[in-house]
Amino acid sequence: EDACRAPALTVGTALHLTPPKMDKGAAQERLYAILDRNGDGKIIAQEYLEFLRTVLESSSATLQQAEKSMAFKDKDHDDKLSKEELAESCSGVDAETLVKWCEKLERAAAVERLWAALDKNHDGKVDAAEYLAFLRGALGSQAKLEQAEKAMKFKDKDHDGTLSKSEVDASVKEEAAATIVNWCEKLEAKSKAASPATSIFWCCRPETSTDEVVVG
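This structure is a prediction, so every number in the text was calculated from the model and none was measured.

The rules we used
Residues numbered from 1 in each chain as written. Predicted model: local features only at pLDDT ≥ 70, side-chain atom pairs only at ≥ 80, totals over all residues. Heavy atoms only, no water. Phe/Tyr/Trp six-rings, centres within 6.5 Å; stacked < 30°, edge-to-face > 60°. Helix = DSSP H or I, 4+ residues; strand = E, 2+ residues; numbered from the N terminus. Buried < 20%, exposed > 50% of the residue type's maximum accessible area, 1.4 Å probe, protein only. Axes fitted to C-alpha atoms, helices over the stretch in contact; angles between N-to-C directions. Parallel < 35°, antiparallel > 145°, perpendicular 65-115°, else oblique. Contact = heavy atoms within 4.5 Å. Nonpolar A, V, L, I, M, F, W, Y, C, P; charged D, E, K, R; others polar. Salt bridge = Lys/Arg side-chain N within 4 Å of Asp/Glu carboxyl O.

Trainee: What am I meant to see in the packing of aromatic side chains here?
Mentor: Two aromatic rings, taken as a pair, are described by how far apart their centres are and by the angle between their planes. Counted by the stated rule, this structure contains 4 aromatic pairs. Seen in terms of ring centroids, Phe134 and Trp183 are 5.3 Å apart; in terms of plane orientation they differ by 80°. Their pairing is edge-to-face. Of the two residues, Phe134 is situated in helix 7 (residues 128–137) and Trp183 in helix 10 (residues 177–203); the sequence distance between them amounts to 49 residues. You'll find Phe134 and Trp183 in the same group, each marked buried.

Trainee: Help me understand unusual backbone geometry, please; the structure alone is not making it clear to me.
Mentor: For residues that are not glycine, phi is negative in most cases, and the peptide bond is trans in most cases. Positioned with a positive phi, Glu57 is a non-glycine residue whose angle comes to about 55°. Checked against the element boundaries, Glu57 lands in the loop between helix 3 (45–54) and helix 4 (63–71). Overall, Glu57 belongs to the exposed group, its relative accessible area being 56%. Located in the positive-phi region is His159, a residue other than glycine, with phi close to 55°. Position of His159 relative to the elements: it lies in the loop between helix 8 (145–152) and helix 9 (165–171).

Trainee: What is the right way to read the packing of helix 3 against helix 6 (residues 95–118) from this model?
Mentor: For any two helices packed against each other, one specifies the inter-axial angle together with the distance between the axes. Contact geometry of helix 3 with helix 6 gives a least axis separation of 10 Å together with a crossing angle of 105°. As judged from the angle between their axes, helix 3 and helix 6 are roughly perpendicular. For the pair helix 3 and helix 6, contact is made by Glu50, Phe51 and Thr54 and by Trp101, Lys104, Leu105 and Ala108, respectively. In the contact of helix 3 with helix 6, the residues fall into 4 nonpolar, 1 polar and 2 charged.

Trainee: I keep staring at the pattern of salt bridges and nothing clicks. Help me out?
Mentor: When the charged atoms of two side chains with opposite charge come close together, those side chains can pair. What the rule picks out here adds up to 8 salt bridges. A salt bridge links Glu106 to Arg30, with the shortest nitrogen-to-oxygen separation between them at 2.7 Å. Of this pair, Glu106 sits in helix 6 while Arg30 sits in helix 2 (residues 24–35), placing them 76 residues apart in sequence. We classify Arg30 as partly exposed; its relative accessible area is 21%. A salt bridge links Lys100 to Glu96; the nearest nitrogen and oxygen atoms lie 3.9 Å apart. Here Lys100 pairs with Glu96, and both are found in helix 6, just 4 residues apart, close to one helical turn.

Trainee: What am I meant to see in helix 3 here?
Mentor: Burial runs high along helix 3: 7 of the 10 residues are buried. When helix 3 is considered as a whole, its buried residues turn out to be Ala45, Glu47, Tyr48, Leu49, Phe51, Leu52 and Thr54. Where helix 3 is buried, its residues contact helix 2, helix 4 and helix 6.

Trainee: For this particular structure, what's the right way to read the environment of Ala108?
Mentor: Here Ala108 is to be found in helix 6. Assessed through its relative accessible area of 23%, Ala108 is described here as partly exposed.

Right, here's the structure in full:
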């Protein structure tokens, strides 16, 4: 029952706390850390494209447009943005706006991570069995498959019996990024705990020589 009444992907109401105010320098540091996904100390065009699509909501923006936009900020012409170049390009943006940008990017990354954890067979959709794994693994529910199917109906806008990435995104729009990350960590831990068993049993399999002939 609880899974069916869930307003989003959760069976409870998330507690949203107002974060303390962040000064502009700290906000710029946070933004840079989020954008620099590969941790190489530079923001490349692909990473900047994520900023355009998520923060500025330019969903149709292309890599070429991102490169062109970056060129005005790239003072040393190395086709990347340094921390100093990003700070300069944000000089006219207040701390509150920078924090909102960070929150958007953090949430988008969390939803992407959640999608990867949910879509176990990588077929581009979440079926009832995968959603049931979420209810049990992330929320600790004792739901059964029938309850998972019923709960999914409220989120399945195109009524195809599965959840698309956009439907999952819409269903968690009221959740904080930290909550979504917590779900991901639980699902990933369960997945990791389940995989070593396969390796253990694989190691215990008797080796069969390629020269053997198996007679049925």
